[in-house]
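Listed here are the chains, written in short residue letters.
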Amino acid sequence: MAVAAPGQLNLDEFPSWGSRGVDCFEKLEQIGEGTYGQVYMAKETETNEIVALKKIRMDNEREGFPITAIREIKILKKLHHQNVIQLKEIVTSPGACAGLTPSSLNCEFAGPDRDEQGKPIDGNKYKGSIYMVFEYMDHDLTGLADRPGMRFTVPQIKCYMKQLLTGLHYCHVNQVLHRDIKGSNLLIDNEGNLKLADFGLARSFSSDHNGNLTNRVITLWYRPPELLLGSTRYGPAVDMWSVGCIFAELLNGKPILPGKNEPEQLTKIFELCGTPDELIWPGVTKMPWYNNFKPPRVLKRKVKDAFKHFDRHALDLLERMLTLDPSQV
Ligand code: ADP
Ligand code: MG
């Protein structure tokens, strides 16, 4: 069996995925104080390289290898960019890897519970654990911003925003929607490099936007109005809304639209961005959930007012990012 050399990529078609064991790494500490899924800082024992190990959640083991993890791996496998986290390898703990084959990661729509011949894989084969091995990053943006007394300077914000937009542009031209842009999924190292991470909700899209996609994606505070209004045909604009929320949050020092539930989230959006009508957002009244969430009264857009302390150029950019009609983004 072909095995990747220590520190080398193990993503080729032929060497079996997960051919190395997690015992090639020494776990140093759990990252994120256990509030997230299990992500560990670890050291490759032979090279001493520091990596992050993300344990794949087997929430529904009977279904076999989770489709979300397959998507995440498949998508990360094709993305190579300095502002997108690099997936280096997949490793397993004993007893885990029997059904994880390159072909199970290569077929677009086959469920995870089938082997190369199309026969169902016995869920029992997934004992043990499977980990994604990533390059290690020192911080995530939320962790950094939450440090007592932390306030980013304008040059820092510009630097992070440029990298965020460059990484996201790369994803979008490669027809990948991230669908969970938020601070905890933006990783930053001590040199100030920013990389997009957590592609657990990402998916490929076609540029005609005809796909029937789920609208239950993106963490509520960063979720755009078209998803809250039930749209299932959407595109890169969904991520741009989240970027706008992050941008304003960085300048503002706190989240700008912290809704407690979906109706409240839409209300907060309308209070800031005004209530949409057919003039500013053609087609809005035909959105699936428009009638459920129809604003009770007309509100005027007040982005400029709410953030009048922002620099003029920053405000101009923010206005564009927080455009209600996704086709105008
Ligand atoms: P999820 O949110 O699905 O649990 P993430 O991939 O976002 O998974 O990882 C959870 C947290 O672990 C991140 O918010 C970040 O703090 C940390 N983390 C993830 N990947 C890395 C990495 N490569 N380097 C350092 N920390 C990481
Ligand atoms: Mg995350």
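Just so it is clear, the model here is predicted, and its values are computed rather than measured.

S.K.: So what about the overall build of the protein chain? Which residues, and what values?
M.R.: When helices and strands are counted, the protein chain shows nine helices and 11 strands. The 329 residues of the protein chain split such that 49% are buried. Counting contacts in the protein chain only where the partners sit at least 6 residues apart, residues at least 24 apart contribute 67% of the total. As presented, the protein chain carries roughly 16600 Å² of accessible surface, and 51% of it is formed by carbon and sulfur atoms.

S.K.: Can you break down the UniProt feature "binding site: ATP" (unreviewed entry) in the protein chain residue by residue, with the values?
M.R.: Annotation from UniProt places "binding site: ATP" (unreviewed entry) at Lys54. When you line up the elements, Lys54 lands in strand S4 (residues 50-55). Residues within four places of Lys54 in sequence aside, it is in contact with Gln38, Val39, Glu72, Ile130, Tyr131, Met132, Phe134 and Asp198.

S.K.: How would you sum up the coordination of the magnesium ion (ligand 2)? Please name residues and give values.
M.R.: Four donors placed tetrahedrally around a metal ideally meet at 109.5 degrees, and six donors placed octahedrally ideally meet at 90 or 180 degrees. At the metal site, the magnesium ion (ligand 2) is ligated by Asn185 (OD1) and Asp198 (OD), and these contacts range over 2.1 Å. Taken together, the residues Asn185 in the loop between strand S8 (176-177) and strand S9 (186-188) and Asp198 in the loop between strand S10 (194-196) and strand S11 (203-204) connect sequence positions 13 residues apart. Residue Asn185 is classed as buried on the basis of its relative accessible area of 5%.

S.K.: An account of the site of ligand 1 is requested, with residue identities and associated values reported.
M.R.: Surrounding ligand 1, one finds 17 residues, the nearest of these being Lys54, Glu135, Asp140, Ser184 and Asp198. Between Met137 and ligand 1, the recorded distance is 3.0 Å, taken from a backbone N or O atom to a nitrogen atom. At a separation of 2.6 Å, an oxygen atom of ligand 1 approaches a polar backbone atom of Ser184. Here ligand 1 loses 90% of its free accessible area of 550 Å² to cover by the protein chains. The residue inventory of the shell around ligand 1, partitioned by class, reads nine nonpolar, three polar and five charged.

S.K.: Lay out the pattern of salt bridges with the relevant residues and their values.
M.R.: Oppositely charged side chains may form a pair once their charged atoms are brought near each other. Within this structure, the stated rule accounts for 12 salt bridges. In this structure, the salt-bridge partner of Glu44 is Arg20, at a minimum N-O distance of 3.0 Å. With Glu44 in strand S3 (residues 39-44) and Arg20 in strand S1 (residues 20-21), this pair connects stretches of sequence that are 24 residues apart. Arg20 shares its class with Glu44; the two are buried. In this structure, Glu89 and Arg20 form a salt bridge, with 2.6 Å as the shortest nitrogen-oxygen distance. Placement of the pair is Glu89 in strand S5 (residues 87-92) and Arg20 in strand S1, with a sequence separation of 69 residues. Residue Glu89 shares its accessibility class with Arg20, and that shared class is buried. Put simply, Arg20, Glu44 and Glu89 are held in one network by salt bridges that share partners.

S.K.: Describe the sheet that holds strand S7 (residues 139-140), and please don't skip the residues or the numbers.
M.R.: Strand pairing within a sheet occurs via backbone hydrogen bonds; the two strands may be parallel or antiparallel. Strands sit in the order S7-S9-S10 across an open sheet of three strands; the sheet is antiparallel. Whereas interior strands pair on both sides, the edge strands pair on one side only; in this sheet they are S7 and S10. Docked against the sheet, helix H3 (residues 154-173) engages S9 and S10, running at close to 30° with respect to S10.

S.K.: Account for the sheet that holds strand S2 (residues 25-30), naming residues and giving values.
M.R.: Reading across from one edge, S1-S5-S6-S4-S3-S2 is the order of the six strands in this open sheet, with mixed pairing throughout. In this open sheet, the two strands that pair with only one neighbour each are S1 and S2. When S3 meets S4, the two strands line up antiparallel, connected through five bridges. Residue pairing across strands places Met41 opposite Ala52, the latter belonging to S4. Each of S4, S5 and strand S6 (130-135) is contacted by helix H1 (residues 67-78), which is oriented at about 30° to S6, the strand it contacts most.

S.K.: Which residues make up the pairing of S4, and what are the values?
M.R.: Connecting S3 to the next strand, S4, in antiparallel fashion are five residues, including Asn48 with a positive phi near 65°. In terms of strand pairing, S4 meets S6 through five bridges, oriented antiparallel. Looking at S6, one finds that Ala52 is bridged to Phe134.

S.K.: Hey, could you go over the side chain of Glu319 for me, with residue numbers and the actual values?
M.R.: Inspection of the secondary structure assignment puts Glu319 in helix H9 (residues 312-321). Among the polar contacts listed, one links the side chain of Glu319 to the side chain of Lys304, at a separation of 3.3 Å.

S.K.: How would you explain the state of the cysteines if you had to name every residue and give the values?
M.R.: As enumerated under the stated definition, the model contains zero disulfides in all. Free cysteine Cys273: the closest other cysteine sulfur is in Cys245, separated by 8.2 Å.

S.K.: Just give me the short version of H3, but keep the residues and values in it.
M.R.: With 20 residues, H3 extends 28 Å from end C-alpha to end C-alpha; this agrees with the ideal 28 Å at 1.5 Å per step. Residues of H3 that are buried: Ile157, Tyr160, Met161, Gln163, Leu164, Gly167, Leu168, Tyr170, Cys171 and His172. One or two residues past the end of H3 sits Gln175, with phi positive at roughly 60°.

S.K.: Pulling in residues and values, what's your account of the packing of aromatic side chains?
M.R.: How two aromatic rings sit relative to each other is given by the distance of their centres and the angle of their planes. Enumeration over the complete set of coordinates arrives at two aromatic pairs. Between Phe152 and Tyr160, the aromatic rings sit 5.6 Å apart at their centres with planes inclined by 90°, giving edge-to-face as the arrangement. Measuring from ring centre to ring centre gives 4.8 Å for Phe307 and Phe310, while their planes differ by 20°; the resulting arrangement is stacked. In this structure Phe310 comes out as buried when scored by relative accessible area, which is 8%. Note that Lys27 overlies the ring of Tyr40, its terminal NZ or CZ placed 4.3 Å from the centroid.

Cut-off values and rules
- Residues numbered from 1 in each chain as written.
- Chains lettered and ligands numbered in written order.
- Predicted model: local features only at pLDDT ≥ 70, side-chain atom pairs only at ≥ 80, totals over all residues.
- Heavy atoms only, no water.
- Helix = DSSP H or I, 4+ residues; strand = E, 2+ residues; numbered from the N terminus.
- Buried < 20%, exposed > 50% of the residue type's maximum accessible area, 1.4 Å probe, protein only.
- Contact = heavy atoms within 4.5 Å.
- Areas by Shrake-Rupley, 256 points an atom, 1.4 Å probe, with all protein chains shown as cover.
- UniProt positions renumbered as here; feature names shortened; annotations may be inferred.
- Donors = N, O, S within 2.8 Å, 3.2 Å for Na, K, Ca; no water.
- Near = heavy atom within 4 Å.
- Polar contact = N/O pair within 3.5 Å; in protein donor to acceptor, adjacent residues only side chain to side chain.
- Nonpolar A, V, L, I, M, F, W, Y, C, P; charged D, E, K, R; others polar.
- Salt bridge = Lys/Arg side-chain N within 4 Å of Asp/Glu carboxyl O.
- Pairing = 2+ DSSP bridges.
- Axes fitted to C-alpha atoms, helices over the stretch in contact; angles between N-to-C directions.
- Disulfide = S-S within 2.5 Å.
- Expected span 1.5 Å × (residues − 1).
- Phe/Tyr/Trp six-rings, centres within 6.5 Å; stacked < 30°, edge-to-face > 60°.
- Lys NZ or Arg CZ within 6 Å of the ring centre and 35° of its normal.

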